[in-house]
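Results of the structural survey
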Amino acid sequence: MKKSKDSFLPYYNQFKDKIYNYFLYRVGFDKSLAEDLTSEVFIKALKSFIDFDESKKFQSWIYMIAHNHLVNHYKADNKIIPLEIVEDFLKYIDNSAEEKLELERVLKIIDSMEDSDSEIIRFKFIDELSNQEIADLLNKEEGTVRTQISRSLNKLREILNNNSK
Amino acid sequence: MDNLDKLLSALPKNKLRRRADFKIKFRLYRLIFLNKLETAFDFSALNKGWVLAFGVLLIFSTTSVYAYASDDVIPGNQLYPLKIAIEKIEQKIAVTPVAKIETYNKLSARRLQEAVVLSEKNPDSNQTKNIKKNIEAEVSNQAAILDRINKLDNNKKIESLINLTKENNRKKIDYLEKIGKYAKDNKNEEILEKVNEAREVISHQRYNNEKENNNDDDKNKQNEVKRDDIKRDESPRRQKNENNRN
């Protein structure tokens with residue numbers, strides 16, 4: 001049976017904020033840019049929705065599109081993620097001043113880590129994906145992902161400890 | 001740093017701003033509509049003459065006239081599929097772009113009128129779904145109207161069509177007010193959400209020959225049915241989050 005594009009809208013409602021956050025944390029917290037990229041990703045997804053295999057997870061599929069779109073976005077203009085607006089981004093968060101400072105420090109360190117480490121930390125803690133979902137996305141074994149998360153967290157812990165001394 | 005996991009989990013998760021959400025939804029609706037349009041016109045295998053003849057016969061039967069014209073024929077009524085079938089024929093018979101825009105205008109107002117009738121009849125859960133469907137159909141028609149007007153190149157016609165659409169939009173806002181009141185009284189957030197979405201589509205409608213109005217947000221704030229009205233009883237924390245998001 002031919003898949004109706006109308007059935008795409010509930011998926012949009014379910015994943016819009018997740019994909020927006022995915023971009024927000026990867027484009028230097030530029031809200032307008034994250035919104036534009038979110039829009040482009042969902043339009044791209046709708047256009048190829050006919051090819052989406054509904055026996056598979058929509059989440060993995062949409063993250064894959066988002067990831068490829070982000071790569072193309074950076075390739076196109078050779079852009080560098082600015083870090084100065086992290087403070088602005090955190091300005092509107094409810095946490096205490098102390099927590100904000102700590103979050104700011106953590107975010108800056110994550111951004112300065114190697115791509116493989118920062119990406120897996122973002123997948124786990126910002127996108128809140130399970131190890132299996134990350135494994136599907138990166139085309140790796142779940143065990144490998146678990147080890148990589150643990151290794152990347154250790155690196156982050158080490159940098160944070162060194163910075164606090 | 002012993003509580004690193006906790007700290008990382010505390011990283012803020014933002015929500016898409018309402019205006020951006022609306023813009024994306026509008027683009028998606030428009031794309032879905034255009035796709036439907038392409039499919040609808042792919043009836044090359046059929047003999048158009050027969051389709052037309054059958055359509056004319058169907059339109060002029062007494063039951064059809066009643067089904068088409070009566071305000072009581074609403075989703076759930078046995079004659080409703082007939083009403084929709086006649087409307088589809090009407091859409092196909094409207095060949096010129098102007099006639100099509102006029103038809104979409106008429107049909108989108110009709111969908112909302114039906115939703116009002118449904119909301120006045122103490123709807124069950126099925127009928128509540130139909131109210132939502134009708135509002136969605138209205139948004140889709142609205143996207144079609146805008147798309148078609150912006151593709152026209154006859155300035156005189158464009159002006160009169162924009163006026164017709166604006167006139168029609170005033171009617172639709174009245175209908176949405178009524179549906180919004182029902183949703184508020186019955187604390188139905190899903191319908192309220194749809195109503196606000198439809199209102200935003202109407203108030204954000206921009207034609208190529210009109211300048212961008214910078215006061216959109218102010219207008220929306222005035223127009224929007226206040227969600228706070230039905231959230232009065234909820235916890236202060238949730239209210240605070242809601243306000244931050246807006």
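Here the structure is a predicted model, which is why all the values come from computation and not from measurement. (Residues numbered from 1 in each chain as written. Chains lettered and ligands numbered in written order. Predicted model: local features only at pLDDT ≥ 70, side-chain atom pairs only at ≥ 80, totals over all residues.)

Describing helix α2 (residues 31–47) of chain A
Where we set the bar: Each helix corresponds to a stretch of at least 4 residues labelled H or I by DSSP, and each strand to a stretch of at least 2 residues labelled E; elements are numbered beginning at the N terminus. Take the residue count of a helix, subtract one, and multiply by 1.5 Å to get its expected span. Between the buried cut of 20 or more and the exposed cut of 12 or fewer other C-beta atoms within 10 Å of a residue's own C-beta lies the partly exposed class, and all C-beta atoms are placed from the backbone.
Between its first and last C-alpha atoms α2(A) spans 24 Å; for 17 residues at 1.5 Å apiece the expected length is 24 Å, and the two agree. Taken together, the buried positions of α2(A) are Ala34(A), Glu35(A), Leu37(A), Thr38(A), Ser39(A), Val41(A), Phe42(A), Ala45(A) and Leu46(A).

So, helix α1 (residues 8–24) of chain A
Residues spaced three or four apart along an α-helix face the same direction, because each turn holds 3.6 residues. For α1(A), spanning 17 residues, the distance from its first C-alpha to its last is 23 Å, which sits close to the expected 24 Å at 1.5 Å a residue. Among the residues of α1(A), Phe8(A), Phe15(A), Lys16(A), Ile19(A), Tyr20(A), Asn21(A), Tyr22(A), Phe23(A) and Leu24(A) are the ones counted as buried.

Brief notes about the interface of chain B and chain A
What counts, and what does not: C-beta atoms are placed from the backbone for every residue, and two residues are taken to be in contact when these atoms lie within 7 Å. When residues are grouped by polarity, Ala, Val, Leu, Ile, Met, Phe, Trp, Tyr, Cys and Pro land in nonpolar, Asp, Glu, Lys and Arg in charged, and all others, Gly among them, in polar.
With 22 residues of chain B in contact, the opposing surface of chain A contributes 29 residues. Breaking the side of chain B that touches chain A down by element, the ones donating at least two residues are α1 (4–9) and α2 (18–40) of chain B. In terms of residue count, α2(B) provides more of the side of chain B that touches chain A than any other element does, nine residues in total. Its residues assigned to classes, the side of chain B that touches chain A shows 13 nonpolar, three polar and six charged.

Side note on the confidence of the model for chain B
Residue and element names in this part refer to chain B. Threshold: As a per-residue quantity, pLDDT reports the predictor's confidence and falls between 0 and 100.
Of the residues in chain B, 67% have a pLDDT of 70 or more, and the chain-wide mean is 74. The secondary-structure element of chain B with the lowest mean pLDDT is helix α11 (residues 228–231), recorded at 43, while helix α6 (residues 97–120) shows the highest, at 87. In this model, residues 211–242 is a region of pLDDT below 50 whose contacts with residues beyond four sequence positions or in other chains number 23 contacts.

Overview of the environment of Tyr12(A)
Here Tyr12(A) lies in helix α1. For Tyr12(A), a count of 18 C-beta atoms within 10 Å translates into the label partly exposed. Counting along the chain gives 30 residues from Tyr12(A) to Phe42(A), while the straight-line C-alpha distance between them is 7.2 Å. Discounting chain neighbours no more than four positions away, the residues touching Tyr12(A) are Phe42(A) and Leu28(B).

Some words on the confidence of the model for chain A
Here chain A averages 82 in pLDDT, while 82% of its residues score no lower than 70. Averaged pLDDT values for the elements of chain A fall to 58 in helix α4 (residues 86–91) of chain A and rise to 93 in α2(A).

So, unusual backbone geometry
Across residues other than glycine, the phi torsion is negative in most instances, and most of the peptide bonds are trans. Within the chain, Glu128(A) stands out as a residue other than glycine whose phi angle is a positive 55°. The topology assignment puts Glu128(A) in the loop between α6 (115–126) and α7 (131–138). Classification of Glu128(A) as partly exposed rests on a count of 13 C-beta atoms within 10 Å. Phi angles above zero are rare outside glycine, and Lys187(B) is one such case at about 50°. By secondary structure assignment, the location of Lys187(B) is in the loop between α8 (155–185) and α9 (189–203).

Section: the environment of Arg157(A)
Residue and element names in this part refer to chain A. With respect to the helices, strands and loops of the structure, arginine 157 is situated in helix α8 (residues 142–164). Residue arginine 157 is classed as partly exposed on the basis of its 13 C-beta neighbours within 10 Å. Sequence-wise, arginine 157 and valine 106 are 51 residues apart; in three dimensions their C-alpha atoms are separated by 9.6 Å.

Notes on the environment of Phe49(A)
Residues and elements named next belong to chain A. As for its placement among the helices and strands, phenylalanine 49 is situated in the loop between α2 and α3 (58–77). For phenylalanine 49, a count of 20 C-beta atoms within 10 Å puts it in the buried group. Residues phenylalanine 49 and tryptophan 61, 12 residues apart in the sequence, show an inter-C-alpha distance of 10.0 Å.

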